[in-house]
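Per-entry structural report
Read off the chains here:
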Amino acid sequence: MLLLIKNVEVYAPDPGGTCDLLIGGGKILRMEADIRIPRKYCEVIDGRNHKAVPGFIDGHVHIMGGGGEGGFATRTPGLPLTDAILGGVTTVVGCLGTDGYTRNMAGLLAKAKGLEEEGLSTFIYSGSYGLPLRTLMPSLEEDLLFIDKVIGAGEVALSDHRSSQPTFEAFAQLVAMARRGGMLSGKAGIVNVHLGDGARGLDFLRRIAAETELPLTQMWPTHINRNPHLFEEGIAHAKAGGFVDFTTSTLASYLEDGEIPCAKALRRMLEAGVDPGRITFTSDGQGSLPDWDRNGRLQDISVGRVTSLFPAVREAVQAEGLALETALRVITANPARILKLRSKGQLAPGMDADVVLLSAKDLEVRSVVAKGQLLMKAGRPLTKGRFE
Ligand code: ZN
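Residues numbered from 1 in each chain as written. Predicted model: local features only at pLDDT ≥ 70, side-chain atom pairs only at ≥ 80, totals over all residues. Heavy atoms only, no water.

Regarding the coordination of the zinc ion
Looking at the zinc ion, the protein donor atoms are Glu155 (OE), His194 (ND1) and His223 (NE2), and they sit 2.0 to 2.2 Å from it. Within one chain, the residues serving as donors to the zinc ion are arranged as E-x38-H-x28-H. Here Glu155, found in strand β9 (residues 150-158), pairs with His223, found in the loop between β11 (219-222) and α6 (228-239); they are 68 residues apart in sequence, far enough to count as distant. Take His223: its relative accessible area is 6%, and that puts it in the buried class. (Donors = N, O, S within 2.8 Å, 3.2 Å for Na, K, Ca; no water. Helix = DSSP H or I, 4+ residues; strand = E, 2+ residues; numbered from the N terminus. Buried < 20%, exposed > 50% of the residue type's maximum accessible area, 1.4 Å probe, protein only.)

Considering the pattern of salt bridges
Two side chains bearing opposite charge may form a pair once their charged atoms approach each other closely. Taken as a whole and assessed by the stated rule, the structure comprises 28 salt bridges. A salt bridge links Glu32 to Arg30, with the shortest nitrogen-to-oxygen separation between them at 2.9 Å. Under the relative-accessibility criterion, Glu32 is labelled partly exposed at 35%. Residues Lys377 and Glu43 are paired through a salt bridge, measuring 3.1 Å at the closest nitrogen-oxygen approach. One end of the pair, Lys377, is in strand β18 (residues 373-377); the other, Glu43, is in strand β4 (residues 42-46), and 334 residues separate them in sequence. Taking the relative accessible area as the measure of exposure, Lys377 reaches 34% and is therefore partly exposed. Within the structure, one salt-bridge network assembled from shared partners comprises Lys6, Asp20, Asp34 and Arg36. (Salt bridge = Lys/Arg side-chain N within 4 Å of Asp/Glu carboxyl O.)

Considerations on the packing of aromatic side chains
Inspection of every chain in the model, using the stated rule, returns 5 aromatic pairs. With a centroid separation of 6.1 Å and an interplanar angle of 35°, the aromatic rings of Phe171 and Phe204 are classed as tilted. One end of the pair, Phe171, is in helix α4 (residues 168-185); the other, Phe204, is in helix α5 (residues 203-211), with 33 residues separating them in the sequence. The same class applies to Phe171 as to Phe204, namely buried. Ring geometry for Phe246 against Phe281: centres 6.0 Å apart, planes inclined by 40°, an arrangement best described as tilted. In this pair, Phe246 sits in strand β12 (residues 244-247) while Phe281 sits in strand β13 (residues 279-282), placing the two residues 35 residues apart along the sequence. Here the guanidinium or amino end of Lys149 rests over the ring plane of Phe123, the centre of that ring lying 6.0 Å away. (Phe/Tyr/Trp six-rings, centres within 6.5 Å; stacked < 30°, edge-to-face > 60°. Lys NZ or Arg CZ within 6 Å of the ring centre and 35° of its normal.)

A word on the pairing of strand β1 (residues 2-11)
With 7 of 10 residues buried, β1 lies mostly within the body of the structure. Two elements, β1 and β4, share 5 bridges in a ladder whose sense is parallel. Residue pairing for β4: Leu4 is matched across the bridge by Val44. Bridge count for β1 against strand β2 (residues 15-24) is 6 bridges, and the pairing is antiparallel. (Pairing = 2+ DSSP bridges.)

Section: the nonpolar core
Core analysis: the largest hydrophobic core is formed by 81 residues, its most contacted members being Phe56, Phe171, Phe246 and Phe281. Here the element with the most residues in this core is α4; it accounts for 6 residues. Taken together, domain 1 (2-53 + 346-381) and domain 2 (56-338) each give at least three residues to this core, which thus spans both. (Core = buried A, V, L, I, M, F, W, Y, C linked by side-chain atoms within 4.5 Å. Domains from an automatic or database assignment.)

A short note on the domain arrangement of the protein chain
Along its sequence, the protein chain is carved into domain 1 (2-53 + 346-381) and domain 2 (56-338). For domain 1 and domain 2, the distance between their C-alpha centroids amounts to 29 Å. Contact residues are listed per partner, giving 21 residues for domain 1 and 21 residues for domain 2. Summed over both sides, the interface between domain 1 and domain 2 buries roughly 1,800 Å², with carbon and sulfur atoms accounting for 69% of that surface. Across the salt bridge formed by Asp14 and Arg329, the nearest N and O atoms sit 2.9 Å from each other. Taken together, the links from domain 1 to domain 2 amount to 5 residue pairs in polar contact (both at pLDDT 80 or more). At the level of elements, β5 (50-54), β16 (355-359), β17 (365-370) and β18 are the ones that each hand at least two residues to the side of domain 1 that touches domain 2. The element best represented in the side of domain 1 that touches domain 2 is β17, accounting for 4 residues. Residues that form the side of domain 1 that touches domain 2 fall into these classes: 14 nonpolar, 1 polar and 6 charged. (Contact = heavy atoms within 4.5 Å. Buried area = accessible area lost by both parts, 1.4 Å probe. Polar contact = N/O pair within 3.5 Å; in protein donor to acceptor, adjacent residues only side chain to side chain. Nonpolar A, V, L, I, M, F, W, Y, C, P; charged D, E, K, R; others polar.)

Brief notes about the side chain of Asp284
Tracing the chain through its elements places Asp284 in the loop between β13 and β14 (288-292). Despite its burial, Asp284 remains without a salt bridge, the nearest opposite charge being carried by Arg226 at 7.1 Å. Here the side chain of Asp284 touches His62 through a polar contact of 2.8 Å, side chain to side chain. Once you skip the residues sitting within four places of it in the chain, Asp284 turns out to touch Asp58, His60, His62, His223, Thr247, Ser249 and Gly304. (Lys, Arg positive; Asp, Glu negative; His and termini not counted.)

Structure representation (structure tokens):
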């Protein structure tokens with residue numbers, strides 16, 4: 001069955017005027033004015049008063065759950081399909097976290113395959129917080145070469161009390177393995193780097209550029225908005241040619257302690273002269289949000305949501321005054337390019353039919369199409385995970 005979205009204002013993410021979108025076989029087939037197909041061959045969606053934007057890419061989600069920093073009862077649950085649908089997230093990259101022991105690569109791969117069967121596009125990173133990396137095959141290079149869903153490594157933790165305190169040499173070797181495996185497999189081979197609040201900040205990443213032949217773009221550091229010091233380092237990192245990722249799941253206490261809201265962080269980076277193509281948002285969905293006191297004692301723990309991803313983009317438009325096409329990039333075209341997801345992140349004929357319809361007035365997620373399948377229509381999800 002074909003799907004025809006009529007008279008919709010397109011942000012691809014660049015503004016593309018008003019046209020019709022014809023979808024079939026999981027792809028965008030045509031984007032033109034006044035496409036006419038007999039009704040018996042297609043479902044028609046009225047796109048008037050809506051904006052069509054690329055399905056959102058969330059490059060850092062603990063799809064099988066994470067956490068556990070406060071013991072077994074604080075392990076967080078896995079990603080429910082409904083959260084992705086409500087959030088307009090059509091592509092997720094799954095990661096492990098602090099706990100790469102009770103959770104492992106086999107379970108992560110299985111969860112990713114399950115979500116794919118349920119309608120999303122899914123990928124995973126190899127490893128977890130610690131080094132040496134625990135991979136599925138004997139090496140990271142082989143994970144990248146032989147497991148389709150593996151597109152990089154991580155999240156590897158640096159400058160954090162929960163990291164494995166790797167030496168610079170161990171970290172550089174990981175980036176080298178990721179680069180080699182990425183080149184041989186034609187994938188990104190990106191290293192997703194978790195940054196904690198530690199004073200060392202982005203030191204290891206700077207040293208990669210200064211002391212090795214490896215490019216800054218082999219790494220994708222996340223949580224860069226978590227404190228003012230790291231944020232300032234992030235500006236310099238992006239200006240030197242690196243990527244920076246901000247985390248949209250947050251707690252009121254994090255913001256009180258100096259975390260910079262993503263919308264504001266985006267505006268400030270752009271004002272500082274950072275190339276808009278270097279900035280991304282991810283949700284850290286299903287990851288734990290531990291609340292530590294001054295002495296490092298765990299006070300409380302809650303869970304991140306992928307539904308936080310797009311509201312941060314909307315806030316960048318509505319509260320920070322950024323253009324929709326600029327803000328949209330951080331969850332569409334930019335992550336697609338960084339992760340080398342060549343059929344994702346843009347609306348154009350031949351690309352995967354991952355499309356979100358936003359209400360034109362208040363930018364609410366109203367309808368969601370993933371791989372050509374309508375998962376939400378007029379604010380109502382049409383499917384849910386098997387055990388939801
Ligand atoms: Zn993290």
